[in-house]
Amino acid sequence: MRLKVVAALGMVALLSACANEKANTGASTAAVQPAGPVPGSEADLVANVGDRVFYELNQSGLTDDAKATLQKQADWLAKYPQVNVEIAGNCDDRGTEEYNIALGQRRANAARDFLVAKGTTSARISTISYGKDRPTALGDNEEAWAQNRNAITAVK
């Protein structure tokens, strides 16, 4: 009799354990990765904020559109204080090499100065000028030239 009771209790325990086991639904128990770029990455900056501002011919002053983009960058940088950036000033292919290097530097500095004025620590921002050496658009027309007159912010 005792053996039957122990066997019955063992069976109940075994069935109970099987009933509590999770059914295999094919779903992974691994952590789910969020869709989209990693927060605080360069891809996040490009996709959600914008990485470049544009300038008028022979100008380094910020347009209203440029200020709006830089404000978004300043807010993004405040959200990710561990991120450092480099701002590269660029020009179209007209003008001398020396002139375009100087103009590209003024453009990069204008973008940096705006970000600093909005609260980003200057130590987090470096600048460089590529002049006309790194065009983003190919062509010798106003559309291509307008795309190449820019300052591009990149995560370092």
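Please read these numbers as outputs of a predicted model, since none were measured by experiment. Sequence order sets the numbering: in each chain, residues are counted from 1 along the sequence as written. Side-chain atom pairs in this predicted model are given and counted only at pLDDT of 80 or more, local residue features only at pLDDT of at least 70, and totals for whole chains, interfaces and linings cover all residues. Side-chain figures throughout are based on the complete set of non-hydrogen atoms in the structure, without hydrogens or water.

**Points about the pattern of salt bridges**
- Think of a salt bridge as a Lys or Arg side-chain nitrogen and an Asp or Glu carboxyl oxygen that are within 4 Å of each other. Here the structure, examined in full by the defined rule, presents five salt bridges.
- Here R149 makes a salt bridge to D92, at a shortest N to O gap of 3.2 Å. Residue R149 is located in the loop between α5 (142-148) and β4 (150-155), and its partner D92 is located in the loop between β2 (85-90) and α4 (97-117); the two are separated by 57 residues in the primary sequence.
- A single network of salt bridges, built from pairs that share partners, joins D92, R94, E142 and R149. Numbering goes from the N terminus for both helices and strands, where a helix is a DSSP run of H or I of at least four residues and a strand is a run of E of at least two.

**Observations concerning the side chain of T120**
- The topology assignment puts T120 in the loop between α4 and β3 (125-131).
- We call a residue buried when its accessible area falls under 20% of the maximum for its residue type, exposed when it is over 50%, and partly exposed in between, using a 1.4 Å probe and counting protein chains only. Residue T120 is classed as buried on the basis of its relative accessible area of 5%.
- We call two residues in contact whenever any of their non-hydrogen atoms come within 4.5 Å of each other. Dropping the residues within four chain positions of it, T120 is found in contact with A74, L77, L115 and I125.

**Things to note about the environment of G40**
- Note that G40 resides in the loop between α1 (2-20) and α2 (42-48).
- Residue G40 is classed as buried on the basis of its relative accessible area of 12%.
- Residues G40 and P81 lie 41 residues apart in sequence; the distance between their C-alpha atoms is 9.2 Å.
- Those residues in contact with G40 that lie beyond four places of it in its chain are W76, Y80 and V83.

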